[in-house]
Amino acid sequence: MSQTTIPQQFQITSQLHQNSYLVGGQLIEWQGEVSEVYSTISSTDNYEPTLLGTIPTLGEKEALDALDAAVVAYDKGKGLWPTMKVVDRINCMEKFVAQMKTKRDEVVNLLMWEIGKNLPDSEKEFDRTVDYIYDTIEDYKQMDRDSAKFQKHDGVNAHIRRGPLGVVLCLGPYNYPLNETFALLIPALIMGNTAIFKPAKHGVLLISPLLEAFRSSFPAGVVNIIYGRGRVVASPIMQSGKVDVLALIGNSKSANALQNQHPKSNRLRLVLGLEAKNPAIVLKDANLDLAIEECIAGATSFNGQRCTALKILYVHEDIVEEFNKRFAAKVDALKFGNPWESGVKLTPLPEPDKPAYIQELIDDATNKGAKIINKKGGQTTENYIFPAVLYPVTKDMRVFQEEQFGPVIPVVSFKDIDEPLDDMAASNYGQQVSLFGQDIKTLAPLIDTLVNLVCRVNLNSSCQRGPDVYPFTGRKDSAVATLSVHDALRSFSIRTFVASKDNEANNAILQELLQSRSSNFVSTDYIL
Ligand code: G3H
């Protein structure tokens, strides 16, 4: 596609050279090595990746400078930010989100170019993140109101709140480089922690329009943003032992490697969203139209590059033939195109080596007896491979075991419900399941078991994280800690309180503390 056929408002007219990084409240100019950021989307008639810009390739020294800035801003709990009144931290966050909203068009365009997310979903990612910030502010206000009081038990008065944990290292994924990263960073910051944040490998330039908002909204060192290879910049930060929380959305291999570098793992709190292989189970009495529609959305939206995507479909043997016929036709009807084209459901893959990996999974499965049952399945272009629906898939195939995180859809038929249940119990993953059926005599015992294998059972609907007020977590290799607007505030904080024996002298001090409003912690102020 040539540049001229790209609508003007989405064209890349100039490259974005991010030549600074944010440490200690300053955008520090970088004159060292840089890395080029390419989009797999072509701007020319003959296919060529598009150069979007460059980012600094920072080294260990800059990483440790960022860590020092976060440590200094926390200042052993004495820092301005961790001791600030809740209402003042909220003011900073409101200032940030007001500036962020002005950058919507730039961020949305970069989301499309950097990760290939289609326009409506890119807009949704931005808007959902803004909503998440406002909802977090509201929830924190309520949390503060609920703790604006004293309790008395066994002659001891207590004023209990939630306090920050310290320094947070925050690493996000490429598939939701804005939303998932901010769903960690925002609650971490608002609770009074300080942070070092490294954007994902793909979806990195879209942070640039927000750097000034971060710089000007928070006190120096509260949020530090660095660029570079994970191994080079994240490892020394972890090895320092100065990180109190590792907040990462990604895979368990990198999470384990990073947490193992911390010299005192007992001091490290983990907030992790990891891999998953959510199954759909289609029972023989399922409403097939509905099941197919939901499985299409679940397996193919954003090309299957969602941790919540349906990555394996179990279909009862009595209906599998009909399911496959209709499902395969619907997959073939999905429109592929560039993210801004109207009605596109399938879009270029941001990882240049992804089509080859998906092809390996297809070859492995077909060599072991599976067939591609849709006509377009496996058709490849420079930046895409059309979703192949594979059937029958068996346990010895890689596509059965691996989290494909891309466009390939394995279908397994089952006779006895214990087959998918046993597979789920044996699997390394435990995030969600989609269950399709109608007879409550069958559904009831299944629900009772499935809730113990995963953390969300989606009845007659595909898996998803939202609405963001609901808990998002998983078992086994799928997550550590729970995220939701409310739970994230808890995950990034700890209960801490002031206690005093109930006697005249202590009570007089408490009264004076409250009346003078000289403590930011001991306060019964009601935030409106
Ligand atoms: O990649 C994992 C995301 O949290 C999934 O969120 O279900 O809203 O796409 P989603």
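Residues numbered from 1 in each chain as written. Predicted model: local features only at pLDDT ≥ 70, side-chain atom pairs only at ≥ 80, totals over all residues. Heavy atoms only, no water.

Contacts to the ligand come from Arg128, Asn175, Tyr176, Glu180, Arg306, Cys307, Thr308, Gln464, Arg465 and Phe472. Residue glutamate 180 places a side-chain N or O atom 2.3 Å away from an oxygen atom belonging to the ligand. Between the ligand and arginine 306 there is a distance of 2.7 Å, counted from an oxygen atom to a side-chain nitrogen or oxygen. Considered on its own, the ligand offers 310 Å² of accessible surface; in the complex 95% of this is hidden by protein. (Near = heavy atom within 4 Å. Polar contact = N/O pair within 3.5 Å; in protein donor to acceptor, adjacent residues only side chain to side chain. Areas by Shrake-Rupley, 256 points an atom, 1.4 Å probe, with all protein chains shown as cover.)

Once that is clear, we can look at the pairing of strand β5 (residues 49-56). With six of its eight residues buried, β5 lies for the most part within the structure. Sheet topology note: the strand β1 (residues 16-17)/β5 ladder contains two bridges and is parallel. Opposite leucine 16, over in β5, you have glycine 53 as the bridge partner. Bridge count between strand β4 (residues 34-42) and β5: seven bridges; the pairing is antiparallel. Its bridge partner being in β5, tyrosine 38 is matched across the sheet by leucine 51. (Buried < 20%, exposed > 50% of the residue type's maximum accessible area, 1.4 Å probe, protein only. Helix = DSSP H or I, 4+ residues; strand = E, 2+ residues; numbered from the N terminus. Pairing = 2+ DSSP bridges.)

For the structure on display, the rule yields zero disulfides. Free of any disulfide, cysteine 170 has its nearest cysteine sulfur in cysteine 307, 15 Å distant. Judged by relative accessible area, which is 1%, cysteine 170 ranks as buried. (Disulfide = S-S within 2.5 Å.)

This part is about the sheet that holds β5. On the basis of which strands lie adjacent, the open sheet formed by three strands has the order β1-β5-β4 and mixed pairing. The open sheet terminates on both sides in strands that have one partner only, identified here as β1 and β4. The strands touched by helix α4 (residues 104-115) within the sheet are β1, β4 and β5, with β4 carrying the most contacts at an inclination of about 85°. (Contact = heavy atoms within 4.5 Å. Axes fitted to C-alpha atoms, helices over the stretch in contact; angles between N-to-C directions.)

What follows is about the domain arrangement of the protein chain. On domain assignment, one finds that the protein chain holds domain 1 (62-148 + 157-274 + 481-490) and domain 2 (279-474). Contact residues are listed per partner, giving 23 residues for domain 1 and 23 residues for domain 2. A combined buried area of about 2000 Å² lies between domain 1 and domain 2, and 55% of that area is made up of carbon and sulfur atoms. Connecting domain 1 to domain 2 are two salt bridges. (Domains from an automatic or database assignment. Buried area = accessible area lost by both parts, 1.4 Å probe. Salt bridge = Lys/Arg side-chain N within 4 Å of Asp/Glu carboxyl O.)

Following the criterion strictly, the structure yields twelve aromatic pairs and no others. When the ring of phenylalanine 96 is compared with that of phenylalanine 182, the centres are 6.2 Å apart and the planes differ by 45°; the resulting orientation is tilted. Of the two residues, phenylalanine 96 sits in helix α3 (residues 86-101) while phenylalanine 182 sits in helix α6 (residues 179-190), which places them 86 residues apart along the sequence. Each residue in the set Trp81, Phe96, Phe182, Phe214 and Phe218 is aromatic and connected to the rest through ring pairs, giving one cluster. Between the NZ or CZ atom of lysine 117 and the centre of the ring of tyrosine 176, over which it lies, the distance is 3.7 Å. Sitting above the plane of the phenylalanine 302 ring, lysine 117 keeps its charged end 4.8 Å from the centroid. (Phe/Tyr/Trp six-rings, centres within 6.5 Å; stacked < 30°, edge-to-face > 60°. Lys NZ or Arg CZ within 6 Å of the ring centre and 35° of its normal.)

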